[in-house]
Amino acid sequence: MTVPASYVRQILQMVEEQGLSVRGLLAAVEIDPGDIERNTSFPADKFGQLYRHIYSMAQDEFFGLTSGGKVPNGTFRLMCHCLIHAPTLESAIYRASDFHEICRGTQVKPLLKRQGRYAKLSFTTTEAATASLGEIFAHESPQKIRTTLSMWHHFICWLIGKRVPLKAAYFAFPQPEDAGQYRTLFQSDVRFDQHDNALVFPAVYLNYPVIQTPGSLRSFLKTAPYQLIVMVDNDSGLKAQVVALIGKDFSQELPSAEEVADRLHMSVSTLRRRLMEENTSYQKVKDECRREAALNYMNSPQLSINDVAELMGFTDHSAFFRSFKKWTGQTPGAYRQQQIG
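Basis of the calculations
Residues numbered from 1 in each chain as written. Predicted model: local features only at pLDDT ≥ 70, side-chain atom pairs only at ≥ 80, totals over all residues. Heavy atoms only, no water. Axes fitted to C-alpha atoms, helices over the stretch in contact; angles between N-to-C directions. Helix = DSSP H or I, 4+ residues; strand = E, 2+ residues; numbered from the N terminus. Parallel < 35°, antiparallel > 145°, perpendicular 65-115°, else oblique. Contact = heavy atoms within 4.5 Å. Left-handed = near helix turned anticlockwise from the far one by under 90°. Nonpolar A, V, L, I, M, F, W, Y, C, P; charged D, E, K, R; others polar. 1 Å grid on protein atoms, 1.4 Å probe; cavity = no way out; pocket = protein on both sides within 12 Å on 5 of 7 lines; lining within 4 Å. Points joined across faces, edges and corners; volume = space filled by probe spheres on them. Core = buried A, V, L, I, M, F, W, Y, C linked by side-chain atoms within 4.5 Å. Buried < 20%, exposed > 50% of the residue type's maximum accessible area, 1.4 Å probe, protein only. Salt bridge = Lys/Arg side-chain N within 4 Å of Asp/Glu carboxyl O. Phe/Tyr/Trp six-rings, centres within 6.5 Å; stacked < 30°, edge-to-face > 60°. Lys NZ or Arg CZ within 6 Å of the ring centre and 35° of its normal.

A. Region of interest: the packing of helix H8 (residues 142-160) against helix H9 (residues 179-186). At a minimum axis distance of 11 Å, the contact between H8 and H9 shows a crossing angle of 10 degrees. Comparing the axis directions of H8 and H9 gives the class roughly parallel. Note on element contacts: H9 touches H8 through Gln 181, Tyr 182, Leu 185 and Phe 186, opposite Pro 142, Gln 143, Arg 146, Leu 149 and Ser 150.

Printed below as a string of structure tokens:
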């Protein structure tokens, strides 16, 4: 799994603007600055490590996101524990909003509204805010706003174990040069110069139950913000769109070819034909995504092999061992030993 190198450069620019040492940060996670400049993509596991080190250095767990202030480390973990027992997605989002009211540092919280058949997830200020929402967002970069909305989208998908298809993503700022990347990322209609920064999706998903458990949350937090990080490339081909729709949560059943075709507004036969034209198939794309995710988790030393199995959706750990050997030609233990050596 990779992230565009441009995302890495953007977050490092924010680090520099905060007066923190970029050189020290990269050294801490053993990243060669030249790799970021030379390449168009960057390993997602390294980006996750980089993000966690930034949190620690900046003492701000919401660094790079729109929050209106510094948020103490550990805040996201506590919020997740508050949400995990919510009965539905709607209830979980309301709890997240309430949590932001008592959270030290943030002046911005999620705002959920039902609008007929659709729901809108946007932002509003907390009662403790010292500035208006407009004033706070006026000082935020488009990249920061984009990342904030993207992370919230990935988070609600993780909570219910299904990708929530977006009807639209709205942004209050003018259309940027990389507008195409926004459409690839959100897989929806994207509009700029709007009165709000928001995600619009079918309201029926608000009734879906939160299926995550304290056990799955434990593994999720060990790798955070990996599953929430923006991970799309600039490829406009069909395979890239399919990968984006598959997402990064492999703990639940992946979407069927029929579901993906429906999201892409084409028939299953057309999906198969066009993927064949790109020398692949839906099954191959799924297998590649699974393999990349498994390798990424295996490269995270804080995760045990059983943790990785759970994150990959295997309740039977022996089944994970067999699948991993099929994907890589090695057992998980042999692979990890080789990485250590």
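B. Expanded view of the packing of helix H5 (residues 75-83) against helix H10 (residues 214-223). Orientation of H5 relative to H10, taken along the N-to-C sense of each, is 160 degrees, at an axis distance of 11 Å. Judged by the inter-axis angle, H5 sits roughly antiparallel to H10. In terms of crossing hand, the pair formed by H5 and H10 is right-handed. Only Leu 217, Phe 220 and Leu 221 of H10 make contact with H5, whose side of the interface consists of Phe 76, Arg 77, Cys 80 and His 81. In terms of residue class, the contact of H5 with H10 is made up of five nonpolar, one polar and one charged.

C. Representation of the layout of surface pockets within the structure. A volume near 600 Å³ is recorded for the largest pocket. Every residue lining the largest pocket is counted, 24 residues in all, and those nearest its centre are Gly 161, Lys 162, Arg 163, Leu 245 and Pro 255. Only H8, helix H11 (238-246) and helix H12 (257-263) provide two or more residues apiece to the lining of the largest pocket. The class makeup of the residues in the lining of the largest pocket is eleven nonpolar, five polar and eight charged.

D. Summary view of the nonpolar core. Residues Leu 50 and Phe 155 are the most contacted members of the largest nonpolar core, which totals 112 residues. By residue number, the principal contributor to this core is H8, which donates ten residues. Excluding residues within four positions of it along the chain, Leu 50 makes contact with Val 8, Ile 11, Leu 12, Leu 25, Leu 26, Val 29 and Ile 31.

E. Quick peek at the pattern of salt bridges. Going through the model one piece at a time under the given rule, you end up with 14 salt bridges. Across the pair Glu 90 and Arg 114 runs a salt bridge whose closest N-O atoms are separated by 3.0 Å. Linking Glu 90 in helix H6 (residues 89-102) with Arg 114 in strand S3 (residues 108-115), this pair joins segments that are 24 residues apart in sequence. The exposure class of Arg 114 is partly exposed, given its relative accessible area of 40%. The salt bridge involving Glu 310 is made with Arg 218; its shortest N-O contact spans 3.8 Å. With Glu 310 in helix H15 (residues 305-311) and Arg 218 in helix H10, this pair connects stretches of sequence that are 92 residues apart. A relative accessible area of 34% places Glu 310 in the partly exposed class. The network of salt bridges with common partners includes Arg 218, Lys 222, Asp 307 and Glu 310.

F. The arrangement of the packing of aromatic side chains in detail. Evaluation of the coordinates by the stated rule reveals 20 aromatic pairs. Aromatic pair Phe 171 and Phe 173: ring centres 5.3 Å apart, planes at 40 degrees, arrangement tilted. By the burial criterion, Phe 171 is buried, and Phe 173 matches it. With 6.4 Å between their ring centres and 85 degrees between their planes, Phe 320 and Phe 321 make a pair best called edge-to-face. Taking relative accessible area as the criterion, Phe 320 reaches 0% and is therefore assigned buried. What links up through ring pairs into an aromatic cluster is the set Phe 314, Phe 320, Phe 321, Phe 324, Trp 327 and Tyr 335. Cation over ring: Arg 146 sits above Tyr 182, and NZ or CZ is 5.1 Å from the ring centre. In this structure, Lys 167 is placed above the aromatic ring of Tyr 118, and the distance from its NZ or CZ to the ring centre is 5.3 Å.

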